[in-house]
Amino acid sequence: MTAHEAAGAAASSLPEGYALRPMQPADLDEVYALETALFPEDAWPRHMFDEELAHPTRQYWALTREQEIVGYAGMMCIPPVADVQTIAVATGHEGKGLGSALLRALHEAARHARGTEILLEVRSDNHRAQQLYRRFGYEHIHTRPGYYGDGHDALIMRCELVPAGPPQRSADGRTIHGNR
């Protein structure tokens, strides 16, 4: 099973009508348009998406509804550490569990690539994203003051990745670490 297939298995939680697939070079104009709409202050330059998609340690996915890209996510994994490079969902599609599905796909792909932990950075004023990450077990481990161009801090968050399979249990039978 490839990393993309492993991540695709995580897509089973998508609402009806949505699909997750590996991002292709032909997707990048649409992805870049979404990037600049969602992150006008912090958008990546277009060439960065080309470089990321071509890099062997990176994996990217496009989230579609009726062939339109409504979200995307990407990660880097150099075992044992993976890093969420980007994750985004179009405004009209928020609140449907799509961010969770994308993050789940990143986790599955990172596990498949032998990642044991995954890091990310998030704007200090993006409370909705921070809540999502905390639900998945991320902990704030560092702050980069003034990291973003408008002066906002970046919060560095870390999550331990547990192997896929049943939850690990303590000696008394209580779940101590479920799969995310």
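Here we summarise the structure given alongside this text. (Residues numbered from 1 in each chain as written. Predicted model: local features only at pLDDT ≥ 70, side-chain atom pairs only at ≥ 80, totals over all residues. Heavy atoms only, no water.)

Moving on to the pattern of salt bridges. For the coordinates displayed, the defined rule picks out 11 salt bridges. Between Arg158 and Glu117 there is a salt bridge whose closest N-O contact spans 2.4 Å. A residue pair is termed long-range when its members are at least 10 positions apart, and Arg158 in strand 7 (residues 154-160) and Glu117 in strand 5 (residues 117-123) qualify at 41 residues. Take Arg158: its relative accessible area is 29%, and that puts it in the partly exposed class. Connected through salt bridges with shared partners, the residues Asp42, Arg123, Asp125 and Asp150 form a single ionic network. (Salt bridge = Lys/Arg side-chain N within 4 Å of Asp/Glu carboxyl O. Helix = DSSP H or I, 4+ residues; strand = E, 2+ residues; numbered from the N terminus. Buried < 20%, exposed > 50% of the residue type's maximum accessible area, 1.4 Å probe, protein only.)

At a closest axis distance of 10 Å, the pairing of helix 2 (residues 28-38) and helix 3 (residues 46-54) adopts a crossing angle of 130°. Classed by the angle they form, the pair helix 2 and helix 3 counts as oblique. Along this stretch, helix 2 crosses helix 3, giving a crossing that reads as right-handed. Contacts between helix 2 and helix 3 pair Leu28, Asp29, Val31, Tyr32 and Glu35 from the former with Arg46, Phe49, Asp50 and Leu53 from the latter. (Axes fitted to C-alpha atoms, helices over the stretch in contact; angles between N-to-C directions. Parallel < 35°, antiparallel > 145°, perpendicular 65-115°, else oblique. Left-handed = near helix turned anticlockwise from the far one by under 90°. Contact = heavy atoms within 4.5 Å.)

This next bit is on the packing of helix 4 (residues 98-112) against helix 5 (residues 127-135). Running from N to C, helix 4 and helix 5 point in directions that differ by 50°, and their axes come no closer than 11 Å. When the axis of helix 4 is compared with that of helix 5, the two are oblique. Viewed along their axes, helix 4 and helix 5 form a crossing whose handedness is right-handed. Residues Gly99, Ser100 and Leu103 of helix 4 pack against Leu132, Tyr133 and Arg135 of helix 5. For the contact of helix 4 with helix 5, a count of residues per class yields 3 nonpolar, 2 polar and 1 charged. (Nonpolar A, V, L, I, M, F, W, Y, C, P; charged D, E, K, R; others polar.)

For the rest of this paragraph, the subject is the packing of aromatic side chains. Evaluation of the coordinates by the stated rule reveals 4 aromatic pairs. Consider the rings of Phe49 and Tyr72, whose centres lie 6.1 Å apart with planes at 80°: the pair is edge-to-face. With Phe49 in helix 3 and Tyr72 in strand 3 (residues 68-78), this pair connects stretches of sequence that are 23 residues apart. In terms of burial, Phe49 and Tyr72 fall into one category: buried. For Arg65, the ring lying beneath its charged end belongs to Tyr18, and the centroid distance is 4.8 Å. The residue whose ring lies beneath Arg123 is Tyr148, and the NZ or CZ to ring-centre distance is 5.1 Å. (Phe/Tyr/Trp six-rings, centres within 6.5 Å; stacked < 30°, edge-to-face > 60°. Lys NZ or Arg CZ within 6 Å of the ring centre and 35° of its normal.)

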